[in-house]
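The lines below spell out each chain.
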Amino acid sequence: MALHLPWAFIFGILGNVVSFLVSLAPLPTFYQIYKKKTSEGFQSIPYVVSLFSAMLWIYYALLKKDAMLLITINTFCVFIQTFYIVTYFYYGPKKEKVVTVKLILLFNVFGFGVVFLSTFFLKNPKIRLCVLGYICMAFALSVFVAPLGIVRKVIKTKSVEYMPFSLSLFLSLGAVMWFFYGLMLKDMNIAVPNVLGFIFGVLQMILYAIYKNYPKKMVEDPKLQLPKHIVDVVKPGTTVQVSSEVNVVAPNNPNDNDNNNNGGVVGAENIKGNSTDASNNV
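The following refers to the structure shown. (Residues numbered from 1 in each chain as written. Predicted model: local features only at pLDDT ≥ 70, side-chain atom pairs only at ≥ 80, totals over all residues. Heavy atoms only, no water.)

## Remarks on the packing of aromatic side chains
Defined as follows: Any two rings among Phe, Tyr and Trp, with Trp reduced to its six-membered ring, count as a pair given centres within 6.5 Å; such a pair is stacked if its planes are under 30 degrees apart, edge-to-face if over 60, and tilted if neither. Strands are runs of DSSP state E lasting at least two residues, helices are runs of H or I lasting at least four, and both sets are numbered from the N terminus onward. When a residue's accessible area, from a 1.4 Å probe over protein chains only, is under 20% of the maximum for its type it is buried; when over 50% it is exposed; and in between it is partly exposed.
Evaluation of the coordinates by the stated rule reveals 20 aromatic pairs. For the pair Trp178 and Tyr181, a centre-to-centre distance of 5.3 Å together with 90° between the ring planes defines the contact as edge-to-face. In this pair, Trp178 and Tyr181 both sit in helix α8 (residues 165-184), three residues apart, roughly one turn of the helix. The class for Trp178 is buried, based on a relative accessible area of 8%. Classification of Tyr181 as buried rests on a relative accessible area of 0%.

## Thoughts on helix α9 (residues 188-211)
Note the threshold: To estimate the expected span of a helix, subtract one from its residue number and multiply by 1.5 Å. In what follows, a contact means two residues having at least one pair of non-hydrogen atoms within 4.5 Å. Between N or O atoms, a polar contact is any pair within 3.5 Å; within protein, one atom must be a potential hydrogen donor and the other a potential acceptor, and residues adjacent in sequence are included only when both atoms are from side chains.
Taking 1.5 Å as the rise per residue, α9 with 24 residues should run 34 Å; its terminal C-alpha atoms sit 35 Å apart, in good agreement. The complete set of buried residues in α9 reads Asn189, Ile190, Ala191, Pro193, Asn194, Gly197, Phe200, Gly201, Gln204, Met205, Leu207 and Tyr211. Tucked into the core, α9 has its buried residues touching α3 (45-64), α4 (68-91), α6 (125-145), α7 (148-157) and α8. The N-capping residue of α9, defined by a side-chain oxygen 3.0 Å from the backbone nitrogen of Asn189, is Asp187.

## Quick notes on the side chain of Thr100
Within the secondary structure, Thr100 is located in helix α5 (residues 94-120). Setting aside residues up to four positions removed in sequence, Thr100 forms contacts with Ser44, Ile85, Tyr88 and Phe89.

## Quick notes on unusual backbone geometry
Positioned with a positive phi, Lys37 is a non-glycine residue whose angle comes to about 60°. Relative to the assigned elements, Lys37 resides in the loop between α2 (27-36) and α3. For Lys65, which is not glycine, the phi dihedral falls at a positive 75°. Relative accessible area serves as the criterion here: at 70%, Lys65 is assigned to the exposed category.

## Section: the pattern of salt bridges
Stated precisely, the cut-off is as follows: We define a salt bridge as a side-chain nitrogen of Lys or Arg found within 4 Å of a carboxyl oxygen belonging to Asp or Glu.
This model, assessed by the stated rule, comprises two salt bridges. One salt bridge in this structure joins Asp187 and Lys64, with 2.9 Å as the shortest N-O distance. One end of the pair, Asp187, is in the loop between α8 and α9; the other, Lys64, is in helix α3, with 123 residues separating them in the sequence. Judged by relative accessible area, which is 3%, Asp187 ranks as buried.

Scope: geometric values only; no functional claims are made or implied.
What follows is the structure, encoded as structure tokens:
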């Protein structure tokens, strides 16, 4: 345990507290699933991957022998992620249940099994810990890169709806705490991934500050495409549909000025009538 290193212990405790709060962040989502009695529309892969990550770090900490604070938080993560997965599975449609089982078999059974069998029986304990450390670090880096999809979506839509500021803040704080915890223990396998985590956390907060005041854009549903002759005029709390149909009367005789004038009058009357209907709808 890191009790002989006061600063490592302090940063480890702080890291536990922040990571504990981050682990509870999905609870509102699962309360919503409980109320609706369905997990349709949500995905189970974040919880399966988080469970796999927690299993790896517990295994690493047990071999390292002086990282008890890694064991405490990741043990809690195993329980809370298992709860999330069980809840998701219980309320999930049949198709999503099949996908969840496949993900569990891929990551938590096959993936962890391969890592365990390829490292546990290595004769040299230092090599075993080193190899496992590189595996944990590589996986942690890949997990920290995952938010790039959200960052891209924020830049594209100019909306921070799917990137809460509080979550980005706590992820950044957690990365700082675990970086210094690894630094105090002189364990780069713990410290290095959290450098990337901190960078992405700060990037998310910067994007939040830039785009938080942008007006929300209406998401277009391809199934609800309007006909080409309908124009949507969107105002605060008001949607007006204005018809752009204009009757164009082509003269039979180019020299027939009277017919041209009559056709122009008819077209103008049609436009006027449509505009009047639109103004009445407003």
